[in-house]
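Overview (structure and organization)
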Amino acid sequence: MAINGRALVEQLRNTVTEITVLQLHEILQKKPQTIVIDVRETQETTQGSILNAILIPRGVLEMQIDNNETIKQHFSTLDELADQPIYLLCRSGARSILSALSLEQMGFKQVYSVAGGFLAWQAAGYEVNKTS
């Protein structure tokens, strides 16, 4: 029996670690240099993004995570990056679950999906970095 993307995400939800936007906000207050990767498509970020989030769209995340200039400035090897906490954010929390699972399969040790995604971040009234 075939399933749709929403059903797949629901099946996988319990296999990754999710955090709330409140938890992410608290983490960012204590450690602003925390790695937040926004996996939305570039056109989706016109509504804004979390301050200092790194944009790597879901479709190219696995192939570009170690080539991103911001990441390369802070981590000299992929293994060094894989040991860091990484928080993944999408629009509503579905693509970030798929992304988290993928990064875990690649050997990343501390990967977190942000439940509710950017929509939940906005709804909570947290600061948004507007793009032009």
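Anyway, here's the lowdown on the structure attached to this text. (Residues numbered from 1 in each chain as written. Predicted model: local features only at pLDDT ≥ 70, side-chain atom pairs only at ≥ 80, totals over all residues. Heavy atoms only, no water.)

This next bit is on the overall build of the protein chain. Of regular secondary structure, the protein chain possesses seven helices and five strands. Overall, the protein chain shows an N-to-C arrangement of helices and strands of α-β-α-β-β-α-α-α-β-α-β-α. For the protein chain, the C-alpha radius of gyration of 14 Å lies close to 14 Å, the compact-globule estimate for 132 residues. Its C-alpha atoms put the protein chain at 45 × 35 × 25 Å along the principal axes. The buried share of the protein chain, reckoned over its 132 residues, is 38%. For the protein chain, contacts bridging at least 24 residues in sequence account for 64% of all contacts bridging at least 6. Put simply, the protein chain shows about 7,400 Å² of open surface, and 50% of that area lies on carbon and sulfur atoms. (Helix = DSSP H or I, 4+ residues; strand = E, 2+ residues; numbered from the N terminus. Rg over C-alpha atoms; globule rule 2.2 N^0.38 Å. Buried < 20%, exposed > 50% of the residue type's maximum accessible area, 1.4 Å probe, protein only. Contact = heavy atoms within 4.5 Å. Areas by Shrake-Rupley, 256 points an atom, 1.4 Å probe, with all protein chains shown as cover.)

Now for the packing of aromatic side chains. Applying the stated criterion across every chain yields a total of two aromatic pairs. When the centroid spacing of 4.9 Å and the interplanar angle of 15° are considered together, the rings of tyrosine 87 and tyrosine 112 count as stacked. Of this pair, tyrosine 87 sits in strand 4 (residues 85-89) while tyrosine 112 sits in strand 5 (residues 110-114), and the two are 25 residues apart along the sequence. Exposure remark for tyrosine 87: the relative accessible area of 8% places this residue in the buried category. Residue placement shows arginine 40 over the ring face of phenylalanine 118; its charged tip is 4.1 Å from the ring centre. (Phe/Tyr/Trp six-rings, centres within 6.5 Å; stacked < 30°, edge-to-face > 60°. Lys NZ or Arg CZ within 6 Å of the ring centre and 35° of its normal.)

Once that is clear, we can look at a nonpolar patch on the surface. Where nonpolar side chains cluster on the molecular surface, the patch consists of Met1, Ile3 and Leu8 and spans about 370 Å² of accessible area. Residue placement: leucine 8 occurs in helix 1 (residues 5-12). (Patch = residues over 30% accessible without salt bridge, like charges linked within 9 Å, V, L, I, M, F, W, Y side chains within 5 Å. Salt bridge = Lys/Arg side-chain N within 4 Å of Asp/Glu carboxyl O.)

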